[in-house]
Amino acid sequence: MTRLSEAEITEHLAQRPDWSLEHNNEIVRTFRLANFPAAIAFVTHVAFLAEAAGHHPDIDIRYNRVRIALTTHDAGGLTEKDFALAAAIDEILG
C-alpha cells in the first residue's frame, strides 16, 4: 500500500474532522463512552472491524475513554487503509 502525500492526508482529514494527525505518521481520535462496559463493547466492535480489514489500530482504554491511533506500519505512514478504518470506526457510534 502506498503512503499518502501531505495533500492527500489533509483531504482525508477534512472528511474526518474528529481525527487529528500526530507525529506526521498517524491519525488519532479519543472516544468518550458512557462507562467502562460501554468502552469495552466499543473496543470489541472495533476489533472485529480491524480484523476484517486486516489492519489493526493501537488502542488505549482509560475507564470510559478509548484512544485509537491508526498508521500503516508496513508503509511507514498513513495510507488509504487508515482512513477507511477510521470511517468504519466513526460509523459505530453514528
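Under an unreviewed UniProt entry, the protein chain has the name Putative pterin-4-alpha-carbinolamine dehydratase and belongs to Chloroflexus aggregans. Word for word, the UniProt comment on the protein chain under Catalytic activity (unreviewed entry) is "(4aS,6R)-4a-hydroxy-L-erythro-5,6,7,8-tetrahydrobiopterin = (6R)-L-erythro-6,7-dihydrobiopterin + H2O". Here the protein chain is described in UniProt, under the heading Sequence similarities (unreviewed entry), as follows: "Belongs to the pterin-4-alpha-carbinolamine dehydratase family."

Trainee: How do you make sense of the packing of aromatic side chains when you look at a structure like this?
Mentor: By convention here, two paired aromatic rings are described through the distance between centres and the angle between planes. By the definition in use, this model includes 2 aromatic pairs. Ring geometry for Trp19 and Phe31: centres 6.2 Å apart, planes at 75°, overall edge-to-face. Remark: Phe31 occurs in strand E2 (residues 26-32) and Trp19 occurs in the loop between helix H1 (6-15) and strand E1 (20-22); sequence separation between them is 12 residues. Measuring from ring centre to ring centre gives 4.7 Å for Phe31 and Phe42, while their planes differ by 50°; the resulting arrangement is tilted. Placement of the pair is Phe31 in strand E2 and Phe42 in helix H2 (residues 36-53), with a sequence separation of 11 residues. No difference in accessibility class separates Phe31 from Phe42, as the two residues are buried. Taken together, the aromatic side chains of Trp19, Phe31 and Phe42 make up a single cluster linked through ring pairs.

Trainee: Any chance you could explain H1 here in plain terms?
Mentor: An α-helical turn contains 3.6 residues, so any two residues separated by three or four positions project in the same direction. All buried positions along H1 are accounted for by Ile9, His12 and Leu13. Taken end-on, H1 shows its buried residues confined to a sector of 100°, consistent with a single buried face. In H1, the exposed residues that point more than 90 degrees away from the buried face are Thr10, Glu11, Ala14 and Gln15. The inward-facing, buried residues of H1 contact E1, E2 and helix H3 (80-92).

Trainee: Got a minute to help me understand the sheet that holds strand E4 (residues 65-70) in this structure?
Mentor: With antiparallel pairing, 4 strands are arranged side by side in an open sheet as E1-E2-E4-E3. The outermost strands of the open sheet, each flanked by one partner alone, are E1 and strand E3 (58-62). Between one strand axis and the next, the sheet turns by 25° as a mean value, whatever way the strands run. The pairing of E3 with E4 spans 5 bridges and is antiparallel. Each residue of the ladder has a partner; that of Asp58, found in E4, is Ala69. Sheet strands in contact with H3 are E2 and E4, and its direction is about 10° off that of E2.

Thresholds applied
Residues numbered from 1 in each chain as written. Predicted model: local features only at pLDDT ≥ 70, side-chain atom pairs only at ≥ 80, totals over all residues. Heavy atoms only, no water. UniProt positions renumbered as here; feature names shortened; annotations may be inferred. Phe/Tyr/Trp six-rings, centres within 6.5 Å; stacked < 30°, edge-to-face > 60°. Helix = DSSP H or I, 4+ residues; strand = E, 2+ residues; numbered from the N terminus. Buried < 20%, exposed > 50% of the residue type's maximum accessible area, 1.4 Å probe, protein only. Arc of directions from axis to C-beta. Contact = heavy atoms within 4.5 Å. Pairing = 2+ DSSP bridges. Axes fitted to C-alpha atoms, helices over the stretch in contact; angles between N-to-C directions.

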